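Structural characterization, general
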Amino acid sequence: MSLASGSRTRTKAPEERTALEERTAPEELAVPTAGTRTEPGEKRAAALPLAPSRPRLHRAPVVPRILRAALTGATKSAAIVALLLVWELAPRFGLVDRTFLPPFSEVAQAWWELVANGQLADNAQASLVRSFSGFGIAVAVSVPLGLLIGWYRPVADLLNPLLQVFLNTAALALLPVFVLLLGIGETSKISIVVYACAWPILFNTISAVRTVDPTLLRLAKSMDLSAPRLFQKVILPASVPTIFTGIRLAGAVSIVVLVAAEMIGAKAGLGYLINASQYNFAIPQMYAGIVTISVIGVAFNQLLVAVEKRLSSWRVPTTS
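Residues numbered from 1 in each chain as written. Predicted model: local features only at pLDDT ≥ 70, side-chain atom pairs only at ≥ 80, totals over all residues. Heavy atoms only, no water.

1. Considering the overall build of the protein chain
Spelled out, the test is: Starting at the N terminus, helices and strands are each numbered in turn, a helix being any DSSP run of H or I of at least four residues and a strand any DSSP run of E of at least two. For this analysis, residues touch if any pair of their heavy atoms sits within 4.5 Å. Only the protein chains shown count as cover for residues, and the accessible areas themselves come from Shrake-Rupley with a 1.4 Å probe.
Of regular secondary structure, the protein chain possesses 12 helices and zero strands. Helices and strands in the protein chain line up, N terminus first, as α-α-α-α-α-α-α-α-α-α-α-α. Of the contacts formed within the protein chain by residues at least 6 apart in sequence, a portion of 71% connects residues at least 24 apart. Here the protein chain has roughly 21700 Å² of accessible surface; of this, 66% comes from carbon and sulfur atoms.

This is the structure in structure tokens:
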């Protein structure tokens with residue numbers, strides 16, 4: 001056999017390659033499934049690995065989100081920054097007497113000195129213990145009582161005149177009575193906070209139970225729910241927003257009333273700090289105590305708002 005004829009046998013003509021490619025069509029490259037037999041003359045094609053398709057996650061760009069958050073924070077804090085700027089500049093330009101209203105920078109310096117020597121922490125701790133104790137007792141008593149009065153109308157009709165009398169009696173007007181009956185110790189201060197906080201929570205709870213959507217009540221009764229299940233599944237969840245309105249009001253009242261109570265016969269607390277600073281004519285320290293009370297009140301209110309959102313997460317947000 002010549003060398004030329006051997007080369008012809010090793011090299012296929014274009015027509016033969018085309019016929020071979022047609023015989024190995026894509027339908028013949030399928031992978032045989034389990035249980036199928038392959039004939040001896042049949043060729044098994046290699047399985048082609050296919051990359052699994054993964055859903056592409058569309059994430060919002062980080063930079064625009066940061067810019068939106070910064071813009072929102074700047075918008076919300078613009079009024080406070082303007083107030084602090086006016087507070088700083090008005091005494092320096094002689095618009096007010098800086099003896100009675102020092103610049104905010106001096107107040108901030110006095111606040112830092114109180115933090116450094118531990119006076120602010122000690123007085124704030126005493127006030128927070130009293131305030132939170134009275135507030136907690138008021139919530140524990142007023143919410144169940146308000147649910148009971150709101151659920152049973154005969155009880156409401158019986159107690160409503162008496163409750164209206166106590167509601168319209170200012171807590172600070174009864175402060176001398178609490179001091180006379182309970183002394184000038186911790187009991188009288190916590191009791192006055194309980195009294196002041198109880199009424200906003202109580203009346204908002206009663207209103208929350210009475211103003212539940214009648215459609216929800218009819219729908220629940222049509223499902224033959226028992227009275228305890230109706231109260232648990234319908235009345236209580238629907239009352240949460242209004243109840244927390246009263247709780248937030250009581251949170252603000254607890255701090256205000258306590259500061260006033262601490263100015264009479266107290267030896268520690270933010271109210272005592274403010275009163276003592278006034279007597280000693282330490283005006284920057286007095287304003288430092290006032291600013292601390294404001295910050296505590298705002299933080300406490302935000303905490304209650306977060307708890308309210310947590311408990312009423314089932315509500316559908318309203319779209320404007």
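That covers the picture; the talk isn't over yet.
2. Digging into a nonpolar patch on the surface
Stated precisely, the cut-off is as follows: Patches in this entry comprise residues that are over 30% relatively accessible and not in a salt bridge; like charges within 9 Å are linked, as are nonpolar side chains (Val, Leu, Ile, Met, Phe, Trp, Tyr) within 5 Å. By convention in these notes, a salt bridge is any Lys or Arg side-chain nitrogen within 4 Å of a carboxyl oxygen on Asp or Glu. Burial classification: accessible surface area is computed with a 1.4 Å probe over protein chains only, and a residue below 20% of its type maximum counts as buried, one above 50% as exposed, and the rest as partly exposed.
Residues Leu85, Leu89, Phe93, Leu95 and Val96 make up a contiguous nonpolar surface patch of roughly 520 Å² in combined accessible area. By secondary structure assignment, the location of Leu95 is in the loop between helix H3 (62-92) and helix H4 (104-116). The exposure class of Leu95 is exposed, given its relative accessible area of 68%.

3. Brief notes about the side chain of Arg130
Note the threshold: Here a polar contact is taken to be a pair of N or O atoms separated by no more than 3.5 Å, where protein atoms must pair a possible hydrogen donor with a possible acceptor and residues adjacent in sequence count only if both atoms sit in side chains.
Within the fold, Arg130 resides in helix H5 (residues 119-151). On the basis of relative accessibility, which here comes to 5%, the residue Arg130 falls in the buried class. A distance of 2.7 Å separates a polar atom in the side chain of Arg130 from a polar atom in the side chain of Glu186.

4. Observations regarding the packing of H4 against helix H12 (residues 283-311)
As a reminder, the rule being used: Note on method: axes are straight lines fitted to C-alpha atoms, helices fitted across the in-contact stretch only, with angles between N-to-C directions ranging 0 to 180 degrees. By definition in this entry, angles of less than 35 degrees are roughly parallel, angles greater than 145 are roughly antiparallel, angles of 65 to 115 are roughly perpendicular, and the rest are oblique. Residue polarity is assigned by list, with Asp, Glu, Lys and Arg as charged and Ala, Val, Leu, Ile, Met, Phe, Trp, Tyr, Cys and Pro as nonpolar; anything else, Gly included, falls into the polar class.
One can describe the packing of H4 onto H12 by two numbers: an axis separation of 8 Å at closest approach and a directional angle of 80°. With respect to H12, the axis of H4 lies roughly perpendicular. Residues Glu106, Val107, Ala110, Trp111 and Leu114 of H4 form the contact with H12, whose own contacting residues are Pro284, Gln285, Tyr287, Ala288 and Thr292. Residue composition of the contact of H4 with H12, grouped by class: seven nonpolar, two polar and one charged.

5. Quick look at the packing of helix H11 (residues 270-279) against H12
Note the threshold: Two helices that cross are described as forming a left-handed crossing if the nearer one is turned anticlockwise from the farther one by less than a right angle, and a right-handed crossing if clockwise.
Direction vectors running N to C along H11 and H12 enclose 160°, while the axes themselves pass 8 Å from each other. If you check the angle between H11 and H12, you find them roughly antiparallel. Our pair here, H11 against H12, has a crossing hand that is left-handed. On H12, the residues touching Leu270, Leu273, Ile274, Ser277 and Gln278 of H11 are Gln285, Met286, Gly289, Ile290, Thr292, Ile293 and Ile296. Residues of the contact of H11 with H12, tallied by class, amount to seven nonpolar, five polar and no charged.

6. Some words on the confidence of the model for the protein chain
For the record, the criterion: A residue's pLDDT is the predictor's confidence in that residue, given on a scale from 0 to 100.
Residues with a pLDDT of 70 or more make up 78% of the protein chain, whose mean pLDDT is 78. Within the protein chain, helix H1 (residues 3-10) has the poorest average pLDDT of any element, 43, and H4 the best, 93. Below a pLDDT of 50 lies the segment residues 1-36, which in the model reaches eight contacts outside its immediate sequence neighbourhood of four places, other chains included.

7. Quick notes on the packing of aromatic side chains
Threshold: The criterion for an aromatic pair is that two Phe, Tyr or Trp rings (for Trp, the six-membered ring) have centres within 6.5 Å, with stacked assigned to planes under 30 degrees apart, edge-to-face to planes over 60 apart and tilted to the rest.
The full count for this structure, using the stated rule, is nine aromatic pairs. Here Phe135 and Phe300 contribute two aromatic rings whose centre-to-centre distance is 5.1 Å and whose plane-to-plane angle is 75°, an arrangement assigned as edge-to-face. Of this pair, Phe135 sits in helix H5 while Phe300 sits in helix H12, and the two are 165 residues apart along the sequence. Members of the aromatic cluster, connected to one another through ring pairs, are Phe166, Phe178, Tyr195 and Trp199.

8. Points about the nonpolar core
The criterion, for reference: Here, the term nonpolar core denotes a set of buried Ala, Val, Leu, Ile, Met, Phe, Trp, Tyr and Cys residues that are joined through side-chain atoms within 4.5 Å.
Counting 53 residues, the largest nonpolar core has Phe135, Leu163, Ile192, Ile247 and Leu270 as its most contacted members. Counting residues per element, the ones that place at least two in this core are H4, H5, helix H6 (153-167), helix H7 (175-182), helix H8 (186-210), helix H10 (227-262), H11 and H12. Sort the elements by how many residues they give to this core and H10 lands first, with 13 residues. If sequence neighbours within four positions are ignored, Ile192 has contacts with Ala171, Leu174, Leu175, Phe178, Val257 and Ala261.

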